[in-house]
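Summary of structural features
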Amino acid sequence: MKRDPLKPKGGFYYYMQSTSGIVGALLLIFMVIVSICAVFGWLPHDPLEQNVEFAMQGPSTTFWFGTDEFGRDIFSRSLDGMRRSLTVSVSAVSIAATIGVTLGILSGYLGRWFDQLVVRLSDVIFAFPAILLALAIVSTLGNSWYQTSLAIAVVYTPIFIRVARGPVLTVKEMDYVKVTRILGFSSLRILRKHILPNVTAPIVVQVALSLSWAILTESGLSFLGLGTQPPNASLGLMVSEAQSIAAFAWWALFFPSAFITIVVVGLNLVGDGLRDALDPARRSS
Amino acid sequence: MIKPLLSVSGLGISTVQDPRTLVNSVSFEIMPGEAVGVVGESGSGKTLTALSILGLLPRGVAVAGGSIVFNGTDLTKADPETMRNLRGSDISMVYQDPMTALNPVMKLGRQLLEVIESHEKLDNGSVARVEAALREVGIPQVERAMESYPHEFSGGMRQRVMIAMALLLSPKLLIADEPTTALDVTIQQQILALVSEQRRKRDMSMLWITHDLGVVANLVDRLIVMYAGNIVEAGTVQEIFTNPQHPYTHGLLSSLPSRTDKSRKRLTSIPGVPQKPWLVGNTCAFAPRCFKATSECTASAPKLVGSLEKSVACFHPMGDK
């Protein structure tokens, strides 16, 4: 079908103009498919099954990514680990984005003491290094997957507050928002239908970037022993366990690390692509 | 006797902190079906007066005294929810700049429906109502317009949409704050004609705010001239144009270019710059620029005296021609 030259081009069109966006999307789609396989248990081996007979084997046709010191299949464990990482980071970012965006928009729109309070509180959270704060929260709460996501959510909420609040300050002074007040719209309607849709672009980009940071944080926590617990697989934990045997079995360290790298790079590239697609000033061609 | 629809009396507006008077004891009335124009320079307080009627004064600015009685209720004492309900339904306003006054990410039909939804429940007839409102203001291909975004429309068309939005719930009072300054002259005429026609059809009261005497001359019944937060002269258009009493009004009128005068003389201007309203004190605000000023003018402030047809706040009015 030929496209109508007068019809305005949609966001998807502009997204597809960005090379990094396409590459990122492909990497991400790959990782999501991999995780779905793990969810349904479509794995060549049981990720928890130990078999000392096959311990420390290099990549082969049976064990695609080789095996670790207990003879567990690294390919199956990597896929399962990917699933865990994505589950934790997606739920963490969902919580952080929901709370952060709500607070950010309210604080930008209402101003006064509420704004002061929210901004100061998020400054306090910002003052701590992300991984340290997450560590502290996880060690207090416990380390099941939802507690880990909660800890990561707390750490990333202030970023969403900032990202949402800034544009609201601009948009609420726009004439079209003044007009909604002149015509007697309720504050809730103004916020939901006239301000939120006009500040989504930076939020969407922030979601992609935060997902990649959340995956790094989750891996970091697991690496330090405070995230996913053995014998369950997690990318960070696998890297941690592979340290001692890395000298003899490079594959045990390489494949989980490669997975982390691919998903983080993929999400960052998606973030770039979204930024290019959503920013009218960058739509040069 | 007909009761006025809007009756503003002794309205004062000032900043909240470090009180500075911005509008000083303004009184006027608008009868049902009457159009009143408020003329004044930037900073004369005309826009603030209009915003105070809507209860939408900017942050840090508040009503300092007086009352605004609309249809029997004092709006200066009304709670925010009552004011919200009044805005858009009983009192509406057409905004200055149509280019930025529509939400860029919402379809026009939806934006108009939002107005109904803010005050009433949507029903099966709502879409037809919106379409009728758009047709009324001369939007072609209404069904298509409903599905369009604001950027697909020109400035004139967007202002028509804004007018449709303001008129959608049949307000009793329509405030127009320089609704044509952002448009080019030919479109300006069309929009002015459209608003006038709608006013007559609906027998609606109007408050036109403008700095351009030429624009309002044919649109309003009565004129109010504001200077530095005060009303200096008020009266029927006929009276003010043919027989201005206040030296300021006189100066404004003589600064208008005339179509019949072919002498190619320079336009007359008023010397000096407008006084800041909060620096006026108990004097005539115009005294420093006035060619008729005497010591009396700086000793006390003149009161607005006269009838509805004609009133002036001046110790030394121009006198009859």
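Residues numbered from 1 in each chain as written. Chains lettered and ligands numbered in written order. Predicted model: local features only at pLDDT ≥ 70, side-chain atom pairs only at ≥ 80, totals over all residues. Heavy atoms only, no water.

We now examine the pairing of strand β8 (residues 205-210) of chain B. All names here are of chain B. Taking burial as the measure, the 6 residues of β8 include 6 buried ones, the bulk of the element. Side-chain alternation along β8 places Ser205, Leu207 and Ile209 on one buried face and Met206, Trp208 and Thr210 on a second face that is also buried. Bridge analysis of strand β3 (residues 35-39) against β8 gives 5 bridges, and the strand direction is parallel. Bridge pairing in β8 places Val39 opposite Thr210. The β-α-β motif built from strand β7 (residues 173-177), the intervening helix α7 (residues 185-202) and the parallel element β8 has right-handed crossover chirality. (Buried < 20%, exposed > 50% of the residue type's maximum accessible area, 1.4 Å probe, protein only. Helix = DSSP H or I, 4+ residues; strand = E, 2+ residues; numbered from the N terminus. Pairing = 2+ DSSP bridges. Right-handed = clockwise from strand over helix to strand, strands pointing away.)

The next thing to look at is the interface of chain A and chain B. If you look at the interface, chain A gives 20 residues, while chain B gives 27 residues. Between chain A and chain B, a total of about 2,000 Å² is buried, with carbon and sulfur atoms accounting for 55% of that surface. Between the two partners, chain A and chain B, sit 4 salt bridges. The salt bridge partner of A:Arg189 is B:Glu117, with a shortest N-O separation of 3.0 Å. On inspection of chain A and its partner chain B, the count reaches 14 residue pairs in polar contact (both at pLDDT 80 or more). Contributions of two or more residues to the side of chain A that touches chain B are made by α3 (74-110), α7 (175-182) and α8 (187-195) of chain A. Examining the composition of the side of chain A that touches chain B, we find that 6 residues originate from one element, α7(A), more than from any other. Residues of the side of chain A that touches chain B, tallied by class, amount to 8 nonpolar, 5 polar and 7 charged. (Contact = heavy atoms within 4.5 Å. Buried area = accessible area lost by both parts, 1.4 Å probe. Salt bridge = Lys/Arg side-chain N within 4 Å of Asp/Glu carboxyl O. Polar contact = N/O pair within 3.5 Å; in protein donor to acceptor, adjacent residues only side chain to side chain. Nonpolar A, V, L, I, M, F, W, Y, C, P; charged D, E, K, R; others polar.)

This part is about helix α1 (residues 46-54) of chain B. Residue and element names in this part refer to chain B. The element α1 is largely enclosed, with a buried count of 8 among its 9 residues. Looking at α1, one finds that the buried residues are Lys46, Leu48, Thr49, Ala50, Leu51, Ser52, Ile53 and Leu54. Taken from the residues just after α1, Gly55 is the one with a positive phi, measuring 70 degrees.

Attention now goes to the confidence of the model for chain A. In this model, chain A carries a mean pLDDT of 85, and residues with pLDDT of at least 70 account for 94%. Ranking the elements of chain A by mean pLDDT puts helix α1 (residues 11-16) of chain A last, at 78, and helix α4 (residues 112-127) of chain A first, at 92. (pLDDT = per-residue confidence, 0-100.)

What follows covers the sheet that holds strand β10 (residues 230-236) of chain B. Backbone hydrogen bonds hold the strands of a sheet together, and the pairing may be parallel or antiparallel. All names here are of chain B. Sheet architecture is open: 8 strands sit in the order β6-β7-β8-β3-β9-β10-β12-β11, paired in mixed fashion. Sheet topology places β6 (91-94) and β11 (305-306) at the edges, where each strand pairs with a single neighbour. Inspection of the sheet shows β6 paired to β7 by 4 bridges, in the parallel sense. Each residue of the ladder has a partner; that of Ile91, found in β7, is Leu173.

Turning our eyes to something else, we now look at the pattern of salt bridges. Pairs may arise between side chains of opposite charge once their charged atoms sit close together. Residue and element names in this part refer to chain B. Under the definition given, this model contains 29 salt bridges over all chains. Between Arg289 and Glu41 there is a salt bridge; the shortest N-O distance is 3.9 Å. Of the two residues, Arg289 sits in the loop between α10 (247-254) and α11 (295-299) while Glu41 sits in the loop between β3 and α1, which places them 248 residues apart along the sequence. The class for Arg289 is buried, based on a relative accessible area of 12%. Salt-bridge contacts for Lys201 lead to Glu197; the nearest nitrogen and oxygen are separated by 3.8 Å.

This part takes up a nonpolar patch on the surface. Residue and element names in this part refer to chain A. Judged by side-chain polarity, Phe12, Met16, Ile22, Leu26, Ile29 and Ile33 come together as a nonpolar surface patch covering roughly 600 Å² of accessible area. Every element with two or more residues in the nonpolar patch is listed here: α1 and α2 (19-39). If one sorts the elements of the nonpolar patch by residue count, α2 sits on top with 4 residues. As for its placement among the helices and strands, Phe12 is situated in helix α1. Take Phe12: its relative accessible area is 63%, and that puts it in the exposed class. (Patch = residues over 30% accessible without salt bridge, like charges linked within 9 Å, V, L, I, M, F, W, Y side chains within 5 Å. Areas by Shrake-Rupley, 256 points an atom, 1.4 Å probe, with all protein chains shown as cover.)

Moving on: the pairing of strand β2 (residues 21-30) of chain B. Judged from the 6 bridges that link them, strand β1 (residues 6-15) of chain B and β2(B) form a sheet pairing that is antiparallel. Bridge pairing links B:Val8 to B:Phe28 in β2(B).

To continue, consider the state of the cysteines. For the structure shown, the criterion picks out 0 disulfides over all chains. Left unpaired, B:Cys297 is separated from the closest cysteine sulfur, that of B:Cys284, by 5.7 Å. (Disulfide = S-S within 2.5 Å.)

As a further point, take the sheet that holds strand β4 (residues 61-70) of chain B. Residues and elements named next belong to chain B. Across the sheet, which stays open at both edges, the 4 strands sit in the order β2-β1-β4-β5 with antiparallel pairing between neighbours. Each edge of the sheet is formed by a strand with only one pairing partner; in this case those strands are β2 and β5 (73-74). Bridge count between β4 and β5: 2 bridges; the pairing is antiparallel. Paired with Phe70 across the two strands is Thr73, which belongs to β5.

Remark: the centre distance and the inter-plane angle together describe each pair of aromatic rings, the angle taken between the planes. All names here are of chain A. In the structure shown here, the tally under the stated rule is 14 aromatic pairs over all chains. Seen in terms of ring centroids, Trp250 and Trp251 are 5.8 Å apart; in terms of plane orientation they differ by 80 degrees. Their pairing is edge-to-face. Classification of Trp251 as buried rests on a relative accessible area of 8%. Through a chain of ring-to-ring contacts, three or more aromatic side chains come together here, namely Phe65, Phe75, Trp250, Trp251, Phe254, Phe255 and Phe259. (Phe/Tyr/Trp six-rings, centres within 6.5 Å; stacked < 30°, edge-to-face > 60°.)

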